[in-house]
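Inside the fold
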Amino acid sequence: MYFSTQLNHHTFFSSSYTDLALEPNPSDHPRASTIFPSKSQTDVRERRRSNHLNHVSPGQLTKKYSSCSTIFLDDSTVSQPNLRTTVKCMTLAIYYHIKNRDADRSLDIFDERLHPLTREKIPEEYFEHDPEHKFIYRFVHTLSSAAQLTADGAVVTLVYLERLLTYAEIDICPTNWKRIVLGAILLASKFWDDRAVWNVDDCQILKDVTVEDMNEMERHFLELLQFNINVPFSVYAKYYFDLRSLADDNNLNVLVTPLSKERAQNLEAISRLCDDKYKDVCRAAMRRSVSADNFIGIRRSNAILS
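Here the structure is a predicted model, which is why all the values come from computation and not from measurement. (Residues numbered from 1 in each chain as written. Predicted model: local features only at pLDDT ≥ 70, side-chain atom pairs only at ≥ 80, totals over all residues. Heavy atoms only, no water.)

Turning our attention to the pattern of salt bridges. One pass over the structure, following the stated rule, counts twelve salt bridges. Notably, a salt bridge pairs Lys 39 with Asp 102, separated by 3.5 Å at the nearest N-O pair. A residue pair is termed long-range when its members are at least 10 positions apart, and Lys 39 in helix α2 (residues 36-53) and Asp 102 in the loop between α3 (83-99) and α4 (133-146) qualify at 63 residues. Put simply, Arg 219 and Glu 216 hold a salt bridge, and the shortest N to O gap is 2.7 Å. (Salt bridge = Lys/Arg side-chain N within 4 Å of Asp/Glu carboxyl O. Helix = DSSP H or I, 4+ residues; strand = E, 2+ residues; numbered from the N terminus.)

Here it is in structure tokens:
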């Protein structure tokens, strides 16, 4: 009887772990779909449907397309994203997270009603309306400038934000979005950009926030992330390209210029350098894998063609 109980207990947890393994977290696994594109699809489809019914084609006259004679490129790459464009896309993803949230689950540490960022009395009606994208952008732009956040750090900010929402099983809503975004930017600046950002520096921007409050929120943020601040490059690249798709779906203005001869030569040189580094890594890996075979000699069989 005891063995049967233990076996059933083991089977229950094994099946639970199997179910969890079938649904990997998008902020941890490169093959799991990011969350924010699904939050935006409803609005994108409705906008396209409305444009189709009203015979409107926004952005088609101003958007530049490449041709056989001219190639248009922006100045953003996965390794060196454009800061302004990336922050605008990241805040748009946050906007859709808030607008199309499933519920209003939250934690006290992120509740701005309990931990206000200003001494001014905020009316309760303020928390009943979703913030506009331009308001989110201004808030994030101010914080990112103070924290010296880089463009790739902005991408990681979104990774940390979605990781918090899934790990802690909460929603980002009008009452908590500012403190959640603040915590994600702090972590991205410190751990991804590796900058000596002190919480007291951000208190110079948010003058009514105490250092103790910032430290407490950062500690809770890390605990809710289970201290998992690692972001594989494959996950980072997935978020970067999904943000580019989000910009395209929402007709965000991205500055593009014709590909010049000088820039084409620079891109070719960078590509050649990356290719050489990749080959060096492969040769080093091959030498390491062959070293153990030297004890018995390397044998290669002849190919048989039939």
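Having seen the structure, we can now continue with the description.
This part covers helix α5 (residues 151-168). Counted at 1.5 Å a residue, the expected span for α5 with its 18 residues is 26 Å, and the 26 Å between its end C-alpha atoms agrees. Counting buried residues in α5 gives 15 out of 18 residues, a clear majority hidden from the surface. Looking one or two places after α5, you find Glu 169, whose phi comes out positive at around 55°. (Expected span 1.5 Å × (residues − 1). Buried < 20%, exposed > 50% of the residue type's maximum accessible area, 1.4 Å probe, protein only.)

Turning our attention to the nonpolar core. Among the nonpolar cores identified, the biggest contains 55 residues, and Ile 94, Ile 172 and Val 181 are the most heavily contacted of them. Elements supplying a minimum of two residues to this core: α3, α4, α5, α6 (177-192), α8 (211-224) and α9 (233-249). Those residues within four positions of Val 181 in sequence are excluded, and the remaining contacts are Ile 94, Phe 139, Val 140, Leu 161 and Ile 172. (Core = buried A, V, L, I, M, F, W, Y, C linked by side-chain atoms within 4.5 Å. Contact = heavy atoms within 4.5 Å.)

As a packed pair, α6 and α8 sit with axes 10 Å apart at the nearest point and diverge in direction by 80°. Judged on the interaxial angle alone, α8 and α6 are roughly perpendicular. Listed contacts from α8 to Arg 179, Ile 180, Leu 182, Gly 183, Ala 184, Leu 186, Leu 187, Lys 190 and Phe 191 of α6 are Asp 213, Met 214, Met 217, Glu 218, Phe 221 and Leu 222. Its residues assigned to classes, the contact of α6 with α8 shows ten nonpolar, one polar and four charged. (Axes fitted to C-alpha atoms, helices over the stretch in contact; angles between N-to-C directions. Parallel < 35°, antiparallel > 145°, perpendicular 65-115°, else oblique. Nonpolar A, V, L, I, M, F, W, Y, C, P; charged D, E, K, R; others polar.)

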